[in-house]
Amino acid sequence: MRRSIPGPALFLLGVLAVYPVSAQQEERWTEVPYVPTPQVTVDEMLRLAGVGPKDFVLDLGSGDGRIVITAARKFGARGLGVDLDFNLVIQSEESARQAGVEERARFLQQDLFQTDLGQATVITTYLLPSVMLKLRTRLLGLKPGTRIVSHDFDMDDWRPDRKTTIRKNVFFWIVPARVAGRWQARLPLPPIERLLELSLTQRFQDVSAHARLNGVPTQVWDTKLEGDRLSFAIVDSADRDNEATLYFDGRVSGDVMEGDLARGVGNARGTLKWQARRVLR
Ligand SMILES: C[S@@+](CC[C@H](N)C(=O)[O-])C[C@H]1O[C@@H](n2cnc3c(N)ncnc32)[C@H](O)[C@@H]1O
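Residues numbered from 1 in each chain as written. Predicted model: local features only at pLDDT ≥ 70, side-chain atom pairs only at ≥ 80, totals over all residues. Heavy atoms only, no water.

A.B. asks: Can you tell me about the packing of aromatic side chains, naming the residues and giving the values?
C.D. replies: Going through the model one piece at a time under the given rule, you end up with 7 aromatic pairs. Seen in terms of ring centroids, Y126 and F153 are 6.3 Å apart; in terms of plane orientation they differ by 20°. Their pairing is stacked. With a gap of 27 residues between them, Y126 in the loop between β4 (122-125) and α6 (129-140) and F153 in the loop between β5 (147-151) and β6 (162-166) connect regions that are remote in the sequence. In this structure Y126 comes out as buried when scored by relative accessible area, which is 9%. Considering the side-chain rings of F248 and W274, the 4.9 Å spacing of their centres and the 80° angle between planes classify their relative orientation as edge-to-face. Highlighted residues: F248 in strand β14 (residues 244-253) and W274 in strand β16 (residues 270-280), separated in sequence by 26 residues. Here F248 and W274 have matching classes, each one buried. Taken together, the aromatic side chains of W158, F171, W173 and F204 make up a single cluster linked through ring pairs. (Phe/Tyr/Trp six-rings, centres within 6.5 Å; stacked < 30°, edge-to-face > 60°. Helix = DSSP H or I, 4+ residues; strand = E, 2+ residues; numbered from the N terminus. Buried < 20%, exposed > 50% of the residue type's maximum accessible area, 1.4 Å probe, protein only.)

This is the structure in structure tokens:
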């Protein structure tokens, strides 16, 4: 099916048609013209991404620097903005100085495609759909848990984890861990240890799971992957008179997943640690 170009993209493309290019831009051609994000949308992007003092915010195509400067000024974060346009980089540095955040808000004249994305905990963008798609594979390869927030443009079939619209659309993603494969865990549940075999398939952050508990196929409920954190539930029916739900919550690191397992609820709730290993990718 042909995707229609959304209104904001047409606007940016329209600006591109008439936008006067600087000497730097003529040398290093950019597909995306400079259009600033309105300040309330900047605020909303950073709020939605849950930016805080521990974050390093990287704005790809930083324009006049407002996203990185706001991240430093209002959220106490550090950050870097990269832009091809030298004049905008100089303007950003001056604005950071005026806001008193020049130590935490840095700017470089640099191509976003040549920029190390691995340094960021949060990546912000206001680019074109085609550029978002070009970036997508690199973004998906980042450390699980890295947050991405985009003004106006999505990443096609990589569904955003959250989306808000306050004047403008803001999309938010969390880079998902790679969890697909077959996993095994020994669960020290009373009255006897159980073998959990988990088979996971994955499309971005959407995971579907099949399980066997001691060889018996068991339905998996409520599977959710957020960054490196996978949660799901299974009903333990080993004792028909004492059925209870097993709530799994684990962090994935390579071929190991470990975390907490709760059996039951309220004052009948017992918790223990669990660990699974990937036996087949
Ligand atoms: C739509 S503006 C967004 C500015 C800012 N992020 C904001 O939201 O206010 C896009 C910016 O990306 C810059 N840009 C375009 N292509 C780039 C590239 N390949 N590398 C770095 N910057 C680029 C442009 O110069 C422009 O300033």
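A.B. asks: Would you mind going over the layout of surface pockets in detail, with residue names and values included?
C.D. replies: To find the voids left in a structure, one rolls a probe of water-molecule size over its atoms. Counted as a void, the second largest pocket has a volume near 250 Å³. Residue lining of the second largest pocket: 13 residues in total, with I174, E226, G227, R229 and R251 positioned closest to the centre. At the level of elements, β7 (168-174), β12 (220-226), β13 (229-236) and β14 are the ones that each hand at least two residues to the lining of the second largest pocket. Tallied by class, residues from the lining of the second largest pocket come to 2 nonpolar, 3 polar and 8 charged. Two domains each put at least three residues into the lining of the second largest pocket: domain 1 (7-174) and domain 2 (181-280). (1 Å grid on protein atoms, 1.4 Å probe; cavity = no way out; pocket = protein on both sides within 12 Å on 5 of 7 lines; lining within 4 Å. Points joined across faces, edges and corners; volume = space filled by probe spheres on them. Nonpolar A, V, L, I, M, F, W, Y, C, P; charged D, E, K, R; others polar. Domains from an automatic or database assignment.)

A.B. asks: How would you summarise the sheet that holds β6 if you had to cite specific residues and measurements?
C.D. replies: Taken together, 7 strands build an open sheet; the order of strands is β3-β2-β1-β4-β5-β7-β6 and the sheet is mixed. Two strands close off the open sheet at either side, each with one partner strand: β3 (105-109) and β6. Sheet twist, expressed as the mean angle between neighbouring strand axes with direction ignored, is 15°. Alignment of strand β1 (residues 56-60) against strand β2 (residues 78-83), held across 5 bridges, turns out to be parallel. (Pairing = 2+ DSSP bridges. Axes fitted to C-alpha atoms, helices over the stretch in contact; angles between N-to-C directions.)

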